[in-house]
Amino acid sequence: MRRFSKCVGLVAFGAMALAATEASAANPPCTSTGLVGTPVFIAGSSAAKPMLKQVSAALAAAANPVRLVYQSLGSCAGLSDMTTNTKEPATGIVWDGTGTEISCDAPNGGATVDLAISDVFPTSCTNITLGASQKDFQGSVQVFDFVVPPSSKETVISQEAAFVVYGFGGVTNVVNPWADTAFIFRRAATSGTYSMTAKLLGLDIAKFKGTIPGAGKSGDVLTAVHAADTTSPDKALGVLSADYADTNRGGGSAIKVLAYQPKGAACGFYADSSSTTFDKLNVRGGSYPFWGPLHFVTNVDGQGVPVNATVALVLSYFTRTGLDVATKQKMIDAEVAGYTVPQCAMKVSRTAEVGPTDSAAAFSPAEPCGCYFESKATGAAPKACTACTGDTGCSGSTPKCRYGFCEAK
Amino acid sequence: MKTNLKLVALFAVALAVPAAALVACSSDDTAVKPNNTVDSGTNDTGTQPDTGSQPDSGADSSPNACATGLTFDNTRVPGFPNSIPQP
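Quick caveat, the model's predicted, so the values are computed rather than measured.

Definitions and limits used
- Residues numbered from 1 in each chain as written.
- Chains lettered and ligands numbered in written order.
- Predicted model: local features only at pLDDT ≥ 70, side-chain atom pairs only at ≥ 80, totals over all residues.
- Heavy atoms only, no water.
- Helix = DSSP H or I, 4+ residues; strand = E, 2+ residues; numbered from the N terminus.
- Buried < 20%, exposed > 50% of the residue type's maximum accessible area, 1.4 Å probe, protein only.
- Contact = heavy atoms within 4.5 Å.
- Areas by Shrake-Rupley, 256 points an atom, 1.4 Å probe, with all protein chains shown as cover.
- pLDDT = per-residue confidence, 0-100.
- Disulfide = S-S within 2.5 Å.
- Core = buried A, V, L, I, M, F, W, Y, C linked by side-chain atoms within 4.5 Å.
- Domains from an automatic or database assignment.
- Salt bridge = Lys/Arg side-chain N within 4 Å of Asp/Glu carboxyl O.
- Phe/Tyr/Trp six-rings, centres within 6.5 Å; stacked < 30°, edge-to-face > 60°.
- Polar contact = N/O pair within 3.5 Å; in protein donor to acceptor, adjacent residues only side chain to side chain.
- Buried area = accessible area lost by both parts, 1.4 Å probe.
- Nonpolar A, V, L, I, M, F, W, Y, C, P; charged D, E, K, R; others polar.

Caption draft 1: Representation of the overall build of chain B in the model. Scanning chain B for helices and strands turns up 1 helix and 0 strands. Within chain B, the proportion of its 87 residues that are buried is 22%. Excluding contacts between residues fewer than 6 apart, the proportion of contacts in chain B whose partners are at least 24 apart in sequence is 17%. Total accessible area on chain B stands at roughly 6,100 Å², and carbon and sulfur atoms take up 65% of it.

Below you can see the structure in the form of structure tokens.
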């Protein structure tokens with residue numbers, strides 16, 4: 001009997017030791033993943049993940065390599081960590097040289113967030129106020145879409161319809177076919193997508209209805225909307241950032257994007273010139289309002305310069321500050337591959353969050369890249385664009401050669 | 001009687017020509033609310049849908065805001081347009 005007890009004890013100890021070993025070996029520490037580059041912890045928007053994956057490769061290849069360590073929390077949660085100086089314990093993600101995602105463990109007690117990334121203006125999040133020594137830097141444009149299952153008969157949704165659908169959740173006041181709360185999907189409360197949708201619709205975020213699938217992240221909404229295709233394709237509705245929606249217009253987890261008709265408008269538009277293109281023509285020209293610049297918040301000195309030199313380097317990539325032409329082009333490539341729109345391809349901008357009626361104003365980028373953007377996003381530049389190898393190949397209203405195409409300046 | 005019929009026909013033509021000229025003159029929509037129900041031109045400057053009954057046969061001066069758009073039928077929305085319920 002005593003021998004049996006000893007055996008049980010040894011087995012139990014062995015199991016505990018094995019479990020402990022497995023726990024500690026589950027992920028490498030984020031600060032020593034074996035990959036090149038100085039780690040920079042960037043936390044927030046889950047929608048920004050595809051774009052960050054692309055940019056991570058550009059930063060890892062920099063003369064002074066940087067390794068982005070991404071913690072997917074939701075925009076407002078990342079901003080909260082940043083503004084309250086709260087350490088973030090969530091599992092991180094890094095990408096190796098082939099773009100393969102590797103999970104990593106934050107330091108004990110959590111990681112100090114170097115940079116918060118948000119889909120929305122900080123003021124769009126509840127109880128978020130930037131400190132006096134914090135600054136919001138803006139990057140490429142994140143586009144959002146109302147999405148339905150691929151077999152849905154719907155092609156467009158109006159502000160008025162979406163307001164009622166998300167304001168009542170398919171109960172009491174109904175806009176058919178979105179009449180079932182279980183299939184009206186929304187993101188978690190810390191999501192920037194959620195906050196921006198509320199702003200777009202002019203709907204008090206506290207009165208937002210619907211079902212939060214899984215953990216309420218972008219991937220969960222994608223999965224839920226797609227899964228409804230087999231049972232209730234007309235009932236399901238969700239909102240996704242374009243980087244998730246565009247990569248899933250076909251394939252194994254396909255969804256369908258809807259055109260959006262603003263308040264009081266006679267018609268709506270897709271973000272792109274059609275449901276099958278990726279030119280973001282209606283975003284860039286101001287006909288489609290559901291977008292906003294990505295926001296990067298960090299601590300700065302009295303001159304507004306990031307106090308962390310490595311963070312400053314990362315931000316210079318997003319804002320194109322002090323980069324050579326080749327590096328700027330790499331960043332455009334990365335942002336396009338992440339299904340965002342570089343500011344240089346925009347013809348409108350906004351200084352405040354979208355509302356039920358749009359507030360975007362005409363915008364002329366200092367170094368326009370519309371032709372190059374479309375050549376990368378769609379595979380071919382528009383016919384109106386002229387290819388060039390230098391300014392001498394350009395004339396008239398497009399005298400400047402940028403990234404292989406004649407532009408206005 | 002034959003003479004009378006000819007006179008009637010001439011009179012009808014005389015009325016029809018100015019009327020046709022009037023329609024032609026209104027072919028370009030430049031007002032905020034263009035006056036056509038069906039816009040057969042490629043361009044339209046207005047931001048509101050056409051509410052009139054005359055077809056548009058002319059080319060307008062700027063792109064039609066809804067030429068490539070899709071329209072959601074807002075009559076599906078309870079209370080549209082003035083009494084949409086507030087949650």
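On we go from here.
Caption draft 2: Representation of the confidence of the model for chain B within the structure. Residues and elements named next belong to chain B. Per-residue confidence for chain B gives a mean pLDDT of 54; residues scoring 70 or more make up 26%. Overall, residues 7-63 carries pLDDT values under 50, and its contacts beyond four positions in sequence, including any with other chains, amount to 75 contacts. Reported confidence for the predicted complex is 0.82 by ipTM and 0.79 by pTM.

Caption draft 3: Structural view of the state of the cysteines. Residue and element names in this part refer to chain A. For the structure on display, the rule yields 7 disulfides over all chains. Shown here is the disulfide that connects Cys-388 with Cys-401, its sulfur atoms set 2.0 Å apart. Since a negative S-S torsion denotes a left-handed disulfide, the Cys-388-Cys-401 link at about 95° is right-handed. Remark: Cys-401 occurs in strand S14 (residues 400-402) and Cys-388 occurs in the loop between helix H11 (370-378) and S14; sequence separation between them is 13 residues. With a relative accessible area of 12%, Cys-388 lands in the buried category.

Caption draft 4: Representation of the nonpolar core within the structure. Residues and elements named next belong to chain A. Grouped together as the largest cluster of nonpolar side chains are 81 residues, with contacts concentrated most on Val-143, Phe-146, Ile-157, Tyr-166, Trp-178 and Leu-237. Looking at which domains feed residues into this core, each of domain 1 (38-139 + 292-348) and domain 2 (141-286) supplies at least three. Setting aside residues no more than four positions away along its own chain, Leu-237 makes contact with Phe-146, Val-147, Val-148, Ile-157, Val-165, Tyr-166, Trp-178, Phe-183, Ile-184, Phe-185, Val-225 and Leu-258. Among the nonpolar cores identified, the runner-up in size contains 28 residues, and Val-55, Tyr-70, Leu-115 and Val-300 belong to it.

Caption draft 5: How the structure looks around the pattern of salt bridges. Residues and elements named next belong to chain A. Inspection of the entire model under this criterion finds 14 salt bridges over all chains. A salt bridge links Lys-49 to Glu-101, with the shortest nitrogen-to-oxygen separation between them at 2.9 Å. Linking Lys-49 in helix H2 (residues 49-60) with Glu-101 in strand S4 (residues 101-104), this pair joins segments that are 52 residues apart in sequence. Residue Lys-49 is classed as partly exposed on the basis of its relative accessible area of 23%. A salt bridge links Glu-374 to Arg-284, with the shortest nitrogen-to-oxygen separation between them at 3.0 Å. Placement of the pair is Glu-374 in helix H11 and Arg-284 in helix H8 (residues 281-285), with a sequence separation of 90 residues. An identical accessibility class is assigned to Glu-374 and Arg-284; each is buried. In this structure, a network of salt bridges that share partners links the residues Asp-246, Arg-249, Asp-272 and Lys-280.

Caption draft 6: Layout of the environment of Thr398(A). Within the fold, Thr398(A) resides in the loop between H11 and S14. What Thr398(A) contacts, discounting residues up to four positions off in sequence, is Cys406(A), Glu407(A) and Ala408(A).

Caption draft 7: Examining the packing of aromatic side chains more closely. All names here are of chain A. Inspection of every chain in the model, using the stated rule, returns 11 aromatic pairs over all chains. Pairing Phe-146 with Phe-290 gives two aromatic rings, centres 5.5 Å apart and planes at 40°, and the pair type is tilted. Separated by 144 residues along the polypeptide, Phe-146 in strand S6 (residues 134-148) and Phe-290 in the loop between H8 and strand S11 (291-299) bring together distant segments of the chain. On the basis of an interplanar angle of 75° and a centroid distance of 6.4 Å, the ring pair of Phe-183 and Phe-185 is categorised as edge-to-face. Each of the two residues, Phe-183 as well as Phe-185, counts as buried.

Caption draft 8: The side chain of Ser152(A), seen in detail. Residue and element names in this part refer to chain A. In this structure, Ser-152 sits in the loop between S6 and strand S7 (156-158). What makes Ser-152 buried here is its relative accessible area of 4%. Among the polar contacts listed, one links the side chain of Ser-152 to the backbone nitrogen of Glu-154, at a separation of 3.1 Å. Those residues in contact with Ser-152 that lie beyond four places of it in its chain are Asp-229, Pro-233, Asp-234 and Lys-256.

Caption draft 9: Here's a closer look at the domain arrangement of chain A. Residues and elements named next belong to chain A. Split by domain assignment, chain A resolves into domain 1 (38-139 + 292-348) and domain 2 (141-286). Using only C-alpha atoms to locate each centre, domain 1 and domain 2 end up separated by 26 Å. Across the contact, 28 residues belong to domain 1 and 26 residues belong to domain 2. For the pair domain 1 and domain 2, the summed buried area comes to about 2,100 Å², and 57% of that belongs to carbon and sulfur atoms. Our count for the domain 1 to domain 2 interface comes out at 0 salt bridges. For the pair domain 1 and domain 2, the number of links is 10 residue pairs in polar contact (both at pLDDT 80 or more). Contributions of two or more residues to the side of domain 1 that touches domain 2 are made by H2, helix H3 (75-84) and S11.

Caption draft 10: Representation of the environment of Pro78(B) in the model. By secondary structure assignment, the location of Pro78(B) is in the segment after helix H1 (2-25). Setting aside anything within four residues of it in sequence, one finds Pro78(B) in contact with Val164(A), Asn173(A), Val174(A), Val175(A), Ser83(B), Ile84(B) and Pro85(B).

Caption draft 11: View of the interface of chain A and chain B. Each partner contributes residues to the interface: chain A has 26 residues there, and chain B has 17 residues. Carbon and sulfur atoms make up 64% of the surface buried where chain A meets chain B, a total of about 1,700 Å² over both sides. Among the residues of chain A in contact with chain B, Glu160(A), Ala266(A) and Cys267(A) are the three that bury the most area, contributing 24% of the side total. Inspection of the chain A/chain B interface yields 1 salt bridge. Here Arg76(B) makes a salt bridge to Glu154(A), at a shortest N to O gap of 3.0 Å. Taken together, the connections running from chain A to chain B amount to 8 residue pairs in polar contact (both at pLDDT 80 or more). The element best represented in the side of chain A that touches chain B is helix H4 (residues 159-168) of chain A, accounting for 6 residues. A per-class count over the side of chain A that touches chain B returns 16 nonpolar, 7 polar and 3 charged.

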